[in-house]
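Summary of the model geometry
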Amino acid sequence: MLDARWVRDNVEAVREAMANRGASWDFDRFLALDEERRELIAKVETRQARRNELSKEIGGLMKDGRRDEAEARKDEVRLINDEIAERDRHRDEVDAELRAMLLTIPNVPDASVPVGPDETGNVETYRWGAPPAFDFEPKAHWDLGPSLGIIDFERAVKLAKSRFVLLGGLGARLERALINFMLDEHTGHGYREWWPPSLANADTLTGTGQLPKFEDDLFKTSGEGTPLYLIPTAEVQLTNIHRDETLDASQLTLDYCAYTPCFREEAGSAGRDTRGMIRVHQFDKVEMVKFARPEDSMDELERMVRDAGHILERLGLAYRVIVLCTGDMGFSAAKTYDLEVWLPSYGDYKEISSCSNTKDFQARRAGIRYRDPSEFKGTRFVHTLNGSGLAVGRTLAAVLENYQRADGSVEVPEVLVPYMGGVRAIEPEA
RNA sequence: GGAGAGUUGGCCGAGUCGGUUGAAGGCGCUCGCCUGCUAAGCGAGUAAGGGGGUAUAAGCCCCCUUCGAGGGUUCGAAUCCCUCACUCUCCGCCA
């Protein structure tokens, strides 16, 4: 959510930002409502001040026993209250529409973000490693996994439905190994580990921007009372840990990480990545989240990208980093880097991590502030960042495909051997 | 699921015949004094959100709202009534 006052004072900048994003927004409507709102507030508050004054007088008169004078003032207050109630009704309508508008406007891209219409405008900034050269025809993980007996797509459909995955044997072990390896690396770099709920309420999902605009992307439980949603990413829970809290500047930057399952409806992605475990309804992910001072947040984004890349380097997987252009960024992000891993089955690099600085966009929605008495009075919004470190399912697919051997077996990357109980290769199950 | 208690400012904790209580007191924090250093001591300050004025680097001034959330009674509610959420204790059930 953007600050209404900031939008008012920077209309042209916001208008340009939205145009660059390919987003439309009714600025004239917003400005009219904003002005109307402020007029109503001023009028109501003047009346309220008068009412408070009269009420104080009534108290004094009652104490002195001057009942008649008190009654006259009571009548006046009653009139004022009717007037205020009328204007309040009007103001509630204006407020609701304004808030709805502000909740659906995307974040303003950072000045360093390249302008572009869609993914074709993204810019590669870094490349590490080289795709493996095979002297045989490499298999895709959706063939390799079943042939090794460690991925079972058919029975996953039986248990749930399409776009779910069932891992078995060393496949399940590899998934767990990757999770533990990633968490160990991140905690070793100072990230605090968390184990959050896999369901979240509406306030939580509104705080990070999934609601109200993207409800169709979420699985929603049908229970009575407070509706709960299955989290699409641990970013939701990690960021909301500090919702409606005021942090102390000395605590910042806070580095958090967590493993969670992630659930996505994938509405609107029919036909995309239909094979394998690249795009599924449930996947595992290790997530990183940072809470930073505004002046530090862009540096912290670079650091987060390196922390995600570090995992791929330790695993020996070739990858590249791209910065998303204005037209391809997510709703909450001010700047986003994607890390893409080499996937032989795609013959291309495929997204495996997305690291974003949302600046104060989520913090304003979620009420996450910080104080720094030596620098400024009162409180300010922190900057929040999030990034995958990494999407585990896609990492597993990348390991299988990049480490496969001519005989159909898969070598276990050196760093994972301890996590695999010493197993150095995944052989076809007899 | 049943019964009871509770939800106040960064933290702890007062506050019922409803009226200078936005809120005592303590801790913490900030600034100043004192001090060989530290500690202790003394003095002052210290909630957030919103609107307006002034200035636009920060700031300063006025007003409104907020004592879990929402609604009600009243001229006026942290204080009375209703609904909901959450926390704690006991019982039941259960991995």
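The structure we're discussing is the one just above.
Quick summary incoming for the structure in this document. (Residues numbered from 1 in each chain as written. Chains lettered and ligands numbered in written order. Predicted model: local features only at pLDDT ≥ 70, side-chain atom pairs only at ≥ 80, totals over all residues. Heavy atoms only, no water.)

**Let's talk about the overall build of chain A**
Put simply, the rule reads: Secondary structure follows DSSP: runs of H or I at least 4 residues long count as helices, runs of E at least 2 residues long count as strands, and numbering of each begins at the N terminus. Partly exposed residues are those whose accessible area sits between 20% and 50% of the maximum for their type, while under 20% is buried and over 50% is exposed, using a 1.4 Å probe and protein chains only. Two residues form a contact once any of their heavy atoms are found within 4.5 Å. Computed with the Shrake-Rupley method and a 1.4 Å probe, the accessible areas treat only the protein chains shown as cover for residues.
When helices and strands are tallied, chain A shows twelve helices and 15 strands. Across its three principal axes, chain A shows a C-alpha extent of roughly 100 × 45 × 45 Å. Counting the 430 residues in chain A, one finds 49% classified as buried. For chain A, the proportion of contacts with a sequence separation of at least 24, taken over those separated by at least 6, is 73%. Here chain A displays about 20,400 Å² of accessible surface, and carbon together with sulfur accounts for 46% of that area.

**Describing the nonpolar core**
In summary, soluble globular proteins display a tendency toward joint burial of nonpolar side chains. Worth spelling out the cut-off: Residues enter a nonpolar core if they are buried and are Ala, Val, Leu, Ile, Met, Phe, Trp, Tyr or Cys, with the set joined through side-chain atoms within 4.5 Å.
Ranked by internal contacts, the top residues of the largest apolar core, which has 55 residues, are Leu-174, Leu-339, Leu-400, Leu-416 and Ile-426. Counting residues in hydrophobic clusters, the runner-up holds 21 residues, among them Val-11, Phe-27, Leu-40 and Val-94.

**A few points about the environment of Ala-363**
Of note, Ala-363 is situated in helix α11 (residues 361–366). Taking the relative accessible area as the measure of exposure, Ala-363 reaches 0% and is therefore buried. Through-space distance from the C-alpha of Ala-363 to that of Ala-258 is 20 Å; in sequence the pair is 105 residues apart. Setting aside residues up to four positions removed in sequence, Ala-363 forms contacts with Ile-368, Phe-381, Val-382 and Thr-384.

**Observations concerning helix α5 (residues 141–148)**
Here is the rule we go by: To be clear, the arc concerns the directions from the helix axis to the C-beta atoms.
Turning to α5, its buried residues are His-141, Trp-142, Leu-144, Gly-145 and Leu-148. Looking down the long axis of α5, one finds its buried residues gathered within 165° of arc, a one-sided arrangement. Packing partners of the buried residues in α5 comprise α6 (153–159), α12 (392–402), β14 (410–411) and β15 (425–426). The first or second residue beyond α5 is Gly-149, which carries a positive phi of 80°.

**Some thoughts on helix α2 (residues 11–21)**
For α2, every residue scored as buried is listed here: Val-11, Val-14, Ala-17, Met-18 and Arg-21. Looking straight down α2, one finds that the buried residues subtend no more than 130° of arc, so they occupy a single side. Away from its buried face, by an angle of more than 90 degrees, α2 presents the exposed residues Glu-12, Glu-16 and Ala-19. Of the residues trailing α2, Gly-22 is marked for its positive phi of about 75°.

**With respect to the packing of helix α7 (residues 170–188) against helix α10 (residues 297–315)**
Condition: Only the stretch in contact is used when fitting a helix axis, every axis being a line fitted to C-alpha atoms; angles between N-to-C directions are given from 0 to 180 degrees. Orientation labels follow simple angle bins: below 35 degrees gives roughly parallel, above 145 gives roughly antiparallel, 65 to 115 gives roughly perpendicular, and whatever is left gives oblique. Left-handed is the label given to a crossing in which the near helix is rotated counterclockwise from the far helix by less than a right angle, and right-handed is the label when the rotation is clockwise.
Contact pair α7 / α10: the axes reach a minimum separation of 11 Å and the direction vectors enclose 130°. The angle between the axes of α7 and α10 places the two elements in the oblique class. By crossing handedness, the relation of α7 to α10 is classed as right-handed. Residue-level contacts link Leu-178, Phe-181, Met-182, Glu-185 and His-186 of α7 to Asp-307, His-310, Ile-311, Arg-314 and Leu-315 of α10.

**Re the protein's contact with RNA strand B**
Applied cut-off: Any residue with at least one heavy atom within 4 Å of a molecule or strand is counted as near it. By the criterion applied in these results, polar contacts are pairs of N or O atoms within 3.5 Å in which, for protein atoms, one can donate a hydrogen and the other can accept it, and in which residues neighboring in sequence qualify only through two side-chain atoms.
Taken together, 23 residues surround RNA strand B, and among them Arg-38, Gln-48, Lys-74, Val-77 and Arg-78 come closest. Among all atoms of RNA strand B positioned within 4 Å of the protein, those belonging to sugar or phosphate total 75%. Gln-48 has a polar side-chain atom sitting 2.6 Å from a sugar or linking oxygen of RNA strand B. Listed by contribution, the elements that provide at least two residues to the surface near RNA strand B are α1 (4–9), α3 (27–64), α4 (67–104) and β11 (368–371). The greatest single-element share of the surface near RNA strand B, amounting to twelve residues, is contributed by α3.

**Some thoughts on the side chain of Thr-208**
Of note, Thr-208 is situated in helix α8 (residues 202–208). If near-sequence neighbours (up to four positions away) are discounted, Thr-208 is found in contact with Glu-235, Val-236, Thr-239, Asn-240, Ser-332 and Gln-362.

**Let's talk about the sheet that holds strand β2 (residues 192–194)**
Rules: Two strands form a pair only when DSSP identifies at least two bridges running between them.
Strand order across the open sheet formed by eight strands is β1-β8-β9-β10-β13-β7-β6-β2, with mixed pairing between neighbours. Bordering the open sheet on either side are β1 (123–128) and β2, each of which pairs with just one other strand. Averaged over all adjacent pairs, the angle separating strand axes in this sheet is 25°, with direction ignored. One ladder, built from three bridges, connects strand β10 (residues 348–357) with strand β13 (residues 383–391); its direction is antiparallel. In the strand pairing of β13, Ser-356 is matched with Asn-386. Relative to the sheet, α10 contacts β1, β6 (254–263), β7 (282–292), β8 (319–323), β9 (335–343), β10 and β13, its axis offset from that of β13 by approximately 10°. Its contacts with the sheet put α12 on β7, β9, β10 and β13, and the angle it makes with β13 is roughly 35°.

**Focus on the layout of surface pockets**
If you roll a probe as big as a water molecule over the atoms, it shows you where there is empty space left. Convention followed: As defined here, a cavity is a set of points on a 1 Å grid over the protein atoms alone where a 1.4 Å probe fits but cannot get out. A pocket is an open set with protein on both sides within 12 Å along at least five of seven lines, and residues line them when an atom is within 4 Å of a point. Grid points are joined across faces, edges and corners, and a volume is the space filled by probe spheres set on the points. Each residue is assigned to one of three groups, with Ala, Val, Leu, Ile, Met, Phe, Trp, Tyr, Cys and Pro labelled nonpolar, Asp, Glu, Lys and Arg labelled charged, and all others, Gly among them, labelled polar.
The space that makes up the second largest pocket amounts to roughly 300 Å³. Lining the second largest pocket are 14 residues, and of these Asp-3, Ala-4, Arg-5, Arg-37 and Leu-102 lie nearest its centre. Taken together, the elements giving at least two residues each to the lining of the second largest pocket come down to α1, α3 and α4. Here the element with the most residues in the lining of the second largest pocket is α4; it accounts for four residues. Across the lining of the second largest pocket, the residue classes tally to five nonpolar, no polar and nine charged.

**Considerations on the pattern of salt bridges**
Formally: Put simply, a salt bridge is a Lys or Arg side-chain nitrogen that is within 4 Å of an Asp or Glu carboxyl oxygen.
For the structure shown, the criterion picks out 33 salt bridges. The partner of Asp-95 in a salt bridge is Arg-37, and the shortest N-O contact between them spans 3.1 Å. Residue Asp-95 is located in helix α4, and its partner Arg-37 is located in helix α3; the two are separated by 58 residues in the primary sequence. A residue is classified by how much of its surface remains accessible, and Asp-95, at 21% relative accessible area, is partly exposed. Overall, Arg-37 belongs to the partly exposed group, its relative accessible area being 24%. For Arg-364, the salt bridge goes to Asp-360, with nearest N and O atoms at 2.9 Å.

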